[in-house]
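Okay, here's what each chain looks like letter by letter:
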Amino acid sequence: QAQLVESGGGLVQAGGSLRLSCAASGRTFYAMGWFRQAPGKEREFVAAISRGGGSTYYVDSVKGRFTISRDNAKNTVYLQMNSLKPEDTAVYYCAAGTFAGSGSVYYIGGYYDYWGQGTQVTVSS
């Protein structure tokens, strides 16, 4: 059965860095993405990457600070988070799509068929 397993979350001071990993298994996925949800807020798109890794997409608030990448040989997608801010505090979820789509659809949670269990990221001020 296909599944996604995130790791790498934790507690970090503002200005610090973390790298999240998402190990995929059970099938081949198309685009993959990261979403986050802070307490009392709706789930928010963070970043996505195309199947081949040649195209990436980011929410404006993380551009220049976060980098999404994938290693298809390892079936793993990463989110390198630098210059972290307290407002980045959230549970981060990995998501994977099972069909090809265009760039605009990757921002939408409904495109993704599989989701990980989430990993907590806490940034202290």
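Keep in mind that this is a model prediction, so the values were computed, not measured.

Definitions and limits used
Residues numbered from 1 in each chain as written. Predicted model: local features only at pLDDT ≥ 70, side-chain atom pairs only at ≥ 80, totals over all residues. Heavy atoms only, no water. Helix = DSSP H or I, 4+ residues; strand = E, 2+ residues; numbered from the N terminus. Rg over C-alpha atoms; globule rule 2.2 N^0.38 Å. Buried < 20%, exposed > 50% of the residue type's maximum accessible area, 1.4 Å probe, protein only. Contact = heavy atoms within 4.5 Å. Salt bridge = Lys/Arg side-chain N within 4 Å of Asp/Glu carboxyl O. Pairing = 2+ DSSP bridges. Disulfide = S-S within 2.5 Å.

(A) Local environment of the overall build of the protein. When helices and strands are tallied, the protein shows 0 helices and 11 strands. Element order for the protein, N to C, with α for helix and β for strand: β-β-β-β-β-β-β-β-β-β-β. The C-alpha radius of gyration computed for the protein amounts to 13 Å, which stays within 12% of the reference 14 Å derived for 125 residues, consistent with globular compactness. Going through the 125 residues of the protein one by one, you find that 45% of them count as buried. Excluding contacts between residues fewer than 6 apart, the proportion of contacts in the protein whose partners are at least 24 apart in sequence is 58%.

(B) Structural detail: the pattern of salt bridges. All chains considered together, the criterion is met by 4 salt bridges. Arg36 is the salt-bridge partner of Glu44, the closest N and O atoms lying 2.7 Å from each other. Take Glu44: its relative accessible area is 29%, and that puts it in the partly exposed class. Residues Lys63 and Asp60 are paired through a salt bridge, measuring 3.0 Å at the closest nitrogen-oxygen approach. For Lys63, a relative accessible area of 48% corresponds to the partly exposed category. By relative accessible area, which is 60% here, Asp60 ends up exposed. Counted as one network, the salt bridges with shared partners bring together Arg36, Glu44, Arg65 and Asp88.

(C) Seen up close, the pairing of strand 3 (residues 18–25). Note that strand 1 (residues 3–7) and strand 3 share 5 bridges and pair antiparallel. Within strand 3, the residue paired with Glu6 across the bridge is Cys22. Relative to strand 8 (residues 76–81), strand 3 runs antiparallel, the two sharing 6 bridges. Each residue of the ladder has a partner; that of Ala23, found in strand 8, is Thr76.

(D) Spotlight on the pairing of strand 9 (residues 90–96). Strand 9 sits mainly inside the fold: 5 of its 7 residues count as buried. With 6 bridges joining them, strand 4 (residues 32–37) and strand 9 adopt antiparallel strand pairing. Bridging from a neighbouring strand, Gly33 pairs with Ala95 of strand 9. Of the pairings in the sheet, the one linking strand 9 to strand 11 (residues 119–124) comprises 3 bridges and is antiparallel in character. Within the sheet, the bridge partner assigned to Tyr92 lies in strand 11 and is Thr119. Examined bridge by bridge, strand 9 and strand 10 (residues 114–115) share 2 bridges and lie antiparallel to one another. By the bridge assignment for strand 10, Ala95 is matched with Trp115.

(E) Local environment of the state of the cysteines. Under the definition given, this model contains 1 disulfide. Put simply, Cys22 and Cys94 are joined by a disulfide, and their sulfur atoms are 2.1 Å apart. One disulfide, between Cys22 and Cys94, carries an S-S torsion of -80° and so falls in the left-handed class. Here Cys94 lies in strand 9 and Cys22 lies in strand 3, a separation of 72 residues in the sequence. Comparing Cys22 with Cys94 shows no difference in burial state: the two are buried.

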